[in-house]
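# Observations on the three-dimensional arrangement
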Amino acid sequence: MKTVILGAGLSGLECGRQLNLRGREFKILEKEGQIGGLAKTNVSGDYRWDFGVHALYSRDPRMTDYLRSLPLDYVLAQRRVSIYHTDRKSRRYLINYPFEEGIKGLPFRDWLECVCGYLMARTRNQPEFRHLQDWIDHGLGFGIAKHFMTPYNRKIWNCDLRQISMDLVNAKIHPASLKNFLMAAFGKEVIGRMYQWRFIYPKNGIQALMDYTARGMESRIALNKDVREIVRDSRGWRITTRDGATEQADTVISTIPLVELLKMISVSGLERSYPPLKWNDTYFILVGLKKGAAFSLLNDCHWAFFKESESFFRITMMHNFSPCFPPALVAEITDKNGRDGLPPETLRERVVEDLIRLGILRDRGDVVLTDIKRVPYTYPIPTVDAGPVKDIITRRLERQGLYLVGRNGHWDYLNMDGILSSVSAFMQRYFD
Ligand SMILES: Cc1cc2nc3c(=O)[nH]c(=O)nc-3n(C[C@H](O)[C@H](O)[C@H](O)COP(=O)(O)OP(=O)(O)OC[C@H]3O[C@@H](n4cnc5c(N)ncnc54)[C@H](O)[C@@H]3O)c2cc1C
């Protein structure tokens, strides 16, 4: 019985590794010339860089132990993350992340709005929230909404926050307790999102985890195989790639973006597209400095968030992830298809200008290299009505022996630890 896996990101690779351990026959088809998908490491000149932050941590202690047990050359880091804030007079403040636990660093008026808003929200004690915006407004209160959560989330998600379900909060945000909020607001050092406080990172980039996962099954991974059509016939599934080659399979595991899969497959009862399945594409812009140079602000942090009119919503300081990396940052910009007036060809220049304006870069002459990559399907948006649609699609396809797995494959906003545990559960369910 042969299985074909579509995509060699972490999900596809881990599925392959697990099938390999079970002695199954399988092949992985990957469209790009490199494995890793969203978690690959790019090389531009002397600079190795990921698509933004790719830190390894987990809320599940068993997964943390598993990740740490892998024979990779890890750096163990203690999170240093900031939020860039300006007040009415454009004075600059760096707030500790997460915002609710960093507000003691705000100017007094903004601090007061956050504290009053939060306490009023807690007093009202709304039992349930309909969507992300409702939770921000009535769970965190008007101050936190105004000073961070609404502008930042609008910037990264690029959609009305009433469309985003509470799954995002439940799965990802891990809100502060009232006690922690009060202690932090009144000056005590509190560490929010503890599970992420210490993380590990492979010295040569996150690609090392991908290469490790692929070890021993290299001959089963076919690169530059862009899947274009998937047809069910009397012999099973026939998969055709852009170069005209075909593969026959009894079972297909798809980790490629679900909305792309729907366009290339014909299964009765399924549409070609579903409006609730929304996503974002992202531009990643590398700014590499000459050896020995440093950024004039935020140079020591791992990453930082931005909610205002600067082009990026986050920057990742690559040199703080590994002592092997020269000074460089990666800026992330949600692709708004030019609707924000930012033509892609000017983005590198715009990022450098913004870095200078914000005081992060002092001297343009320190920049020796910039690079840009546009990556599609970086963030599947957890919309309020995506769940039922996903259930229908999953059921129909599974009945025919096609399984959906992964961040874009199953349309789950998962991190790498979530990918590994979901693949493990999937394998136990269908392949043991
Ligand atoms: C900006 C950003 C920051 C992140 N930070 C972290 C972090 O700090 N910690 C963490 O744990 N996780 C993080 N993640 C999440 C992590 O990157 C993902 O969970 C993981 O990489 C998803 O793997 P995947 O295999 O499910 O999907 P993908 O990586 O998207 O893999 C899908 C693969 O399918 C291939 N493909 C697509 N179309 C076709 C086709 N037609 N034919 C053949 N192949 C095709 C793609 O090229 C790709 O290789 C981050 C993600 C992003 C975008």
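Residues numbered from 1 in each chain as written. Predicted model: local features only at pLDDT ≥ 70, side-chain atom pairs only at ≥ 80, totals over all residues.

### Points about the overall build of the chain
The secondary structure content of the chain amounts to 12 helices and 19 strands. The C-alpha atoms of the chain give a radius of gyration of 22 Å, which matches the 22 Å a tight globule of 432 residues would have. Its C-alpha atoms give the chain principal-axis dimensions of roughly 70 × 55 × 45 Å. Out of the 432 residues in the chain, the part that is buried amounts to 41%. When contacts within the chain are restricted to residue pairs at least 6 apart in sequence, those whose partners lie at least 24 apart make up 70%. (Helix = DSSP H or I, 4+ residues; strand = E, 2+ residues; numbered from the N terminus. Rg over C-alpha atoms; globule rule 2.2 N^0.38 Å. Buried ≥ 20, exposed ≤ 12 C-beta atoms within 10 Å, placed from the backbone. Contact = placed C-beta atoms within 7 Å.)

### Looking at the nonpolar core
Counting 109 residues, the largest nonpolar core has Ile285, Ala304, Leu329, Val330 and Ala331 as the members making the most contacts within it. Excluding its chain neighbours within four sequence positions, the residues that come into contact with leucine 329 are Val287, Phe295, Ile315, Thr316, Met317 and Met318. (Core = buried A, V, L, I, M, F, W, Y, C linked by C-beta atoms within 7 Å.)

### Describing the sheet that holds strand β9 (residues 221-222)
One key point about sheets: their strands pair by backbone hydrogen bonds, in either a parallel or an antiparallel sense. With respect to topology, 5 strands assemble into an open sheet ordered β9-β2-β1-β13-β19, the strand pairing being parallel. Here the strands that pair on one side only, and so sit at the sheet edges, are β9 and β19 (402-404). Sheet topology places strand β1 (residues 2-6) next to strand β2 (residues 25-29); 5 bridges connect them, and they run parallel. Bridged to lysine 2 within β2 is glutamate 25. (Pairing = 2+ DSSP bridges.)

### Regarding the environment of leucine 13
Examined against the element boundaries, leucine 13 turns out to sit in helix α1 (residues 10-21). Along the backbone, leucine 13 and threonine 123 are 110 residues apart, and their C-alpha atoms lie at a distance of 48 Å. Those residues in contact with leucine 13 that lie beyond four places of it in its chain are Ala8, Ile35, Met210, Thr213 and Ala214.

### A closer look at the domain arrangement of the chain
Accessible area lost on assembly of the parts is the figure often given for the size of an interface. On domain assignment, one finds that the chain holds domain 1 (2-38 + 204-277 + 383-430), domain 2 (95-192) and domain 3 (278-381). Placing the centre of domain 1 and that of domain 3 at their C-alpha centroids yields a distance of 31 Å. Broken down by class, the residue content of the side of domain 1 that touches domain 3 amounts to 6 nonpolar, 3 polar and 1 charged. (Domains from an automatic or database assignment. Nonpolar A, V, L, I, M, F, W, Y, C, P; charged D, E, K, R; others polar.)

### Some thoughts on the sheet that holds strand β16 (residues 314-317)
Across the sheet, which stays open at both edges, the 7 strands sit in the order β7-β6-β15-β16-β17-β14-β18 with mixed pairing between neighbours. In this open sheet, the two edge strands, each paired with only one partner strand, are β7 (92-96) and β18 (367-380). The sheet shows a mean angle of 25° between the axes of neighbouring strands, direction not considered. Here strand β6 (residues 81-86) pairs with strand β15 (residues 303-306) via 4 bridges, running parallel. Bridging from a neighbouring strand, serine 82 pairs with alanine 304 of β15. (Axes fitted to C-alpha atoms, helices over the stretch in contact; angles between N-to-C directions.)

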